[in-house]
Amino acid sequence: MRRAVCPGSFDPVTHGHLDVITRASRLFDEVVVAVGVNQSKQRLFSAEERLEMLTEAVAAHPNVVVAGFDGLLTDFCRERGAQAVVKGVRSGGDVEYEFAMAQMNAHLTGVDTVFLPTAPTWSFVSSSLVKEVARLGGDVSALVPAPVLDRLAARLSGP
Ligand code: PNS
């Protein structure tokens, strides 16, 4: 069984993430979407909320599972018996940042990273920009699944 881990913070999941996850699901027997649950960055959504949104978003893919992880990604890959990490890359900037992490992960346990170039339709999409635009009243309805849009609206209209 060829198993890959697709890690990220997914705060929140976007169509760009889902494109990469869908394509990874065609390349591997199983894809584990790994949601970093305990990182220092301030998040808009809790780990539980991010896991719920992702689980709903990947429900149509029988070989994709969603899990939270804490600690080193390489330890999680080993626990899950994954041979590869899959990452989407949007730009040269992403490649530079991701290369060091891929090489560190390979150094730690030998796990390989497979980079998928983001589909051009989504290459400008990031969770950070989606949150910023939504916060300022812009329309992000084409960039995230409908349930995520609802949660964004509810969270940003709150006190
Ligand atoms: O969506 P993000 O913020 O780019 O996701 C980053 C993530 C969660 C993939 C990365 O921070 C990560 O792998 N964290 C786990 C901790 C770890 O293994 N650090 C060493 C990386 S070389």
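Residues numbered from 1 in each chain as written. Predicted model: local features only at pLDDT ≥ 70, side-chain atom pairs only at ≥ 80, totals over all residues. Heavy atoms only, no water.

Considerations on the packing of aromatic side chains
- Per the stated rule, a full pass over the model turns up two aromatic pairs.
- For the ring pair Phe69 and Phe76, a centre distance of 5.5 Å and an interplane angle of 40° mean the geometry is tilted. Phe76 shares its class with Phe69; the two are buried.
- Measuring from ring centre to ring centre gives 5.8 Å for Phe99 and Phe115, while their planes differ by 5°; the resulting arrangement is stacked. Of this pair, Phe99 sits in helix α4 (residues 92–109) while Phe115 sits in strand β5 (residues 112–117), and the two are 16 residues apart along the sequence.
- Take Phe99: its relative accessible area is 41%, and that puts it in the partly exposed class.
- Taking relative accessible area as the criterion, Phe115 reaches 27% and is therefore assigned partly exposed. (Phe/Tyr/Trp six-rings, centres within 6.5 Å; stacked < 30°, edge-to-face > 60°. Buried < 20%, exposed > 50% of the residue type's maximum accessible area, 1.4 Å probe, protein only. Helix = DSSP H or I, 4+ residues; strand = E, 2+ residues; numbered from the N terminus.)

Notes on the side chain of Thr113
- Here Thr113 shows up in strand β5.
- Excluding residues that lie within four positions of it along the chain, Thr113 makes contacts with Val85, Lys87 and Ala102. (Contact = heavy atoms within 4.5 Å.)

Focus on the pattern of salt bridges
- Taken as a whole and assessed by the stated rule, the structure comprises eight salt bridges.
- Residues Asp19 and Arg23 are paired through a salt bridge, measuring 2.8 Å at the closest nitrogen-oxygen approach. Remark: Arg23 and Asp19 occur in helix α1 (residues 15–27); sequence separation between them is four residues, near one turn of the helix.
- Look at Asp19 and you get buried, because its relative accessible area is 17%.
- The residue Glu52 makes a salt bridge to Arg151 at a minimum N-O spacing of 2.8 Å. Separated by 99 residues along the polypeptide, Glu52 in helix α2 (residues 47–57) and Arg151 in helix α6 (residues 146–157) bring together distant segments of the chain.
- Given a relative accessible area of 26%, Arg151 falls into the partly exposed group. (Salt bridge = Lys/Arg side-chain N within 4 Å of Asp/Glu carboxyl O.)

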